[in-house]
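Take a look at the letters that make up each chain.
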Amino acid sequence: MTILEMRDIHRSFEPGVPVLEGVDFSVDPGEVVGLLGRNGAGKTTLLHIAMGMLHQQGGSVKVFGLDPHRQPVDVKRRIGFVSENQILPGFLKVHEVIELHRSLFPSWDDHMSRELAERFHIRPKARIKTLSKGQARQVALLCALCHKPELLLLDEPAGGLDALARREFLETSIQALSDTGTTIVFSSHYLSDVERLAGRVVMLHASRVLIDNSIDELHESFSIALVPHRPQGTSGALLALPECLGVRVRSDAVHAVFRIDPDDACALITEKLGITDALCRTAGLEEMFIEIAGGER
Amino acid sequence: MLIVVDPSSGVPVFRQVMDQVRFHIASGLLRPGDELPATRALSAELGVNPMTISKAYNLLERDGVLTRRPGKPLVVAALDAATIELEKIEQMRASLAEAVRVARQLDVPSEEALKIYGELLQGEAEEEQS
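It should be emphasised that the depicted structure is a prediction, and the values quoted were computed from it without experimental measurement.

### Here we look at the overall build of chain B
Along its length, chain B carries five helices and two strands. Going residue by residue from the N terminus, the α and β elements of chain B occur as α-α-α-β-β-α-α. For 130 residues, the compact-globule estimate of 2.2 N^0.38 gives 14 Å, and chain B exceeds it by more than 25% at 18 Å. The dimensions of chain B, computed from C-alpha atoms along their principal axes, are 55 × 35 × 30 Å. Looking at chain B as a whole, 22% of its 130 residues qualify as buried.

### Focus on the interface of chain A and chain B
By a widespread convention, an interface's size corresponds to the accessible area lost as its parts come together. Taken together, the 21 residues of chain A in the interface contact 15 residues of chain B. Of all the secondary structure elements, the ones that give two or more residues to the side of chain A that touches chain B are α6 (163-180), α7 (191-197), α8 (215-220) and α11 (285-293) of chain A. Element by element, the count of residues in the side of chain A that touches chain B is highest for α6(A), at seven residues. For the side of chain A that touches chain B, a count of residues per class yields seven nonpolar, seven polar and seven charged.

### Regarding the domain arrangement of chain A
Residue and element names in this part refer to chain A. Partitioning chain A into structural domains gives domain 1 (4-214) and domain 2 (221-293). Its C-alpha centre places domain 1 at a distance of 35 Å from the equivalent point of domain 2. Between domain 1 and domain 2, the residue contacts involve seven residues of the former and six residues of the latter. Broken down by element, the residue count for the side of domain 1 that touches domain 2 peaks at three residues, all from α7.

### Brief notes about the nonpolar core
Judged by nonpolar contacts, the single largest core of 84 residues is most densely connected at Ala50(A), Leu153(A), Val201(A), Ala225(A), Ala256(A) and Met288(A). Top contributing element to this core by residue count: helix α5 (residues 133-145) of chain A, with eight residues. Mapping this core onto the domain boundaries places at least three of its residues in each of domain 1 (4-214) and domain 2 (221-293) of chain A. Listed in part, the 19 residues of the second largest apolar core include Val17(B), Leu36(B), Ala56(B) and Tyr57(B).

### Some remarks on the sheet that holds strand β10 (residues 223-227) of chain A
Residues and elements named next belong to chain A. As summarised here, the arrangement of the four strands in space is β11-β12-β10-β13, forming an open sheet in which the pairing is antiparallel. Of all strands in the sheet, those with a lone pairing partner are β11 (244-249) and β13 (279-281), marking the two edges. Looking at each pair of strands side by side, their axes are set apart by 15° on average, direction ignored. As paired strands, β11 and strand β12 (residues 254-258) are joined by five bridges and run antiparallel to one another. Across the sheet, valine 249 pairs through a bridge with valine 254, a residue of β12.

### Let's talk about the pairing of strand β6 (residues 151-155) of chain A
All names here are of chain A. Taking burial as the measure, the five residues of β6 include five buried ones, the bulk of the element. Because side chains alternate across β6, one face comprises the buried residues Leu151, Leu153 and Asp155, and the other comprises Leu152 and Leu154, equally buried. Relative to β6, strand β5 (residues 79-83) is paired through five bridges, and the arrangement is parallel. Counted as the bridge partner of glycine 80 is leucine 152 from β6. With five bridges connecting them, β6 and strand β7 (residues 183-187) associate as parallel partners. Among the inter-strand pairings, aspartate 155 is bridged to a residue of β7, identified as serine 187. Note that the unit made of β6, α6 and β7 has a crossover that is right-handed.

### So, the domain arrangement of chain B
Residues and elements named next belong to chain B. Taken domain by domain, chain B consists of domain 1 (13-76) and domain 2 (81-129). Counting residues at the interface gives four residues for domain 1 and four residues for domain 2. Grouping the amino acids of the side of domain 1 that touches domain 2 by side-chain chemistry returns three nonpolar, no polar and one charged.

### Some words on helix α2 (residues 39-46) of chain B
For an α-helix, 3.6 residues make a turn, and residues three or four places apart therefore share a direction. Looking only at α2(B), the buried set comprises Thr39(B), Leu42(B), Ser43(B) and Leu46(B). Along the axis of α2(B), the buried residues cluster in a sector spanning 100°; they form a single face. The inward-facing, buried residues of α2(B) contact α6 of chain A together with α3 (50-62) of chain B. Just beyond α2(B), the residue with positive phi is Gly47(B), at close to 65°.

### Quick notes on the packing of helix α1 (residues 13-27) of chain B against α3(B)
Residue and element names in this part refer to chain B. Interhelical geometry of α1 versus α3 gives an angle of 45° and a closest axis separation of 8 Å. When the axes of α1 and α3 are compared, the pair comes out oblique. In the packing of α1 onto α3, the handedness of the crossing is right-handed. Of the residues in α3, those touching α1 at Val13, Phe14, Val17, Met18 and Val21 are Thr52, Ile53, Lys55, Ala56, Leu59 and Leu60. Looking at the contact of α1 with α3, its residues break down into nine nonpolar, one polar and one charged.

What counts and how
Residues numbered from 1 in each chain as written. Chains lettered and ligands numbered in written order. Predicted model: local features only at pLDDT ≥ 70, side-chain atom pairs only at ≥ 80, totals over all residues. Helix = DSSP H or I, 4+ residues; strand = E, 2+ residues; numbered from the N terminus. Rg over C-alpha atoms; globule rule 2.2 N^0.38 Å. Buried ≥ 20, exposed ≤ 12 C-beta atoms within 10 Å, placed from the backbone. Contact = placed C-beta atoms within 7 Å. Nonpolar A, V, L, I, M, F, W, Y, C, P; charged D, E, K, R; others polar. Domains from an automatic or database assignment. Core = buried A, V, L, I, M, F, W, Y, C linked by C-beta atoms within 7 Å. Pairing = 2+ DSSP bridges. Axes fitted to C-alpha atoms, helices over the stretch in contact; angles between N-to-C directions. Right-handed = clockwise from strand over helix to strand, strands pointing away. Arc of directions from axis to C-beta. Parallel < 35°, antiparallel > 145°, perpendicular 65-115°, else oblique. Left-handed = near helix turned anticlockwise from the far one by under 90°.

As structure tokens, then:
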């Protein structure tokens, strides 16, 4: 069964300014999908639609085969959600927040809850408002994990955390993955975290899905070409190639991202543009993201 | 066992793990019969998706480098000395192929490239003596 299926999703908040315009993607059980895109690209909107917190204006969403808007309780019981902007009630104590979640979810695992609280060194009697940002996020993760969700939706979960807190958060998510095979969809601006955790990367750009590939494909079968400036019109000619995802004109050269490996990219540039001294190579996610997000297409 | 990964290097993490296991076998750090860390433990230590580690292990098993035993940790396969010697040569070949690529890009003539290689070997040898 497909865990999450989004078909032709449309959503805007102002008429004529679409945030999502025909977004398609689906997630299979056990997959870990990293959702990328610039600020405002629609990652949060997409996750909120999956949660049933927001209604799409066009297209269809199925979570576990159910409509999250029509069957919100059935869907939410099987989802764990952590967001950078999640607000836990500050006047409550940690154990009260945990107790609240425990009462909402029949599948709550007390053993796991105690184990995580111990690992995170969270004092049960501490008030939420006295916790650091990292500790509050750990409480949120504990609450999202202990009912053993089939799908974990994480919206910029590491936002504002220091490097060690981020790593601990990552390790806890990885453990959940090993233990229960939870499916994870997470958005993050920390691209090295995406490279560690994600098996697949979906990048939203210009209101659509621009990239939907396995992380290994992105590393091995995508490339960045550095193409010398002459002759005039090089960037336009590169953009016209269907394999080209975007170009960025820099002082040194035109940088172009291709969805083919470096050897094929160089051969293509030679064949179509007659340029023989382009440099083509594979790249990490961060570099690729910057070239695409900062360029034109 | 020493495995480190750099997820941002542009080389897939599963390949980094595979390369390092093979390197450790070639260098003798890992010997036939030695146990490998469990998928779960290694993925937690490296902070990477467990599926990445199982992919690396599965491919190494397919290549005959690792042996799976039911219910027990994976071990380095019973490779004979000749196979390990071949593995060393493979490692060298891969490393030198990268140097050849750079030489081509910079238009360094073959004789010059060979001379540099000879000088570097010589230099290393002298350093060891001193």
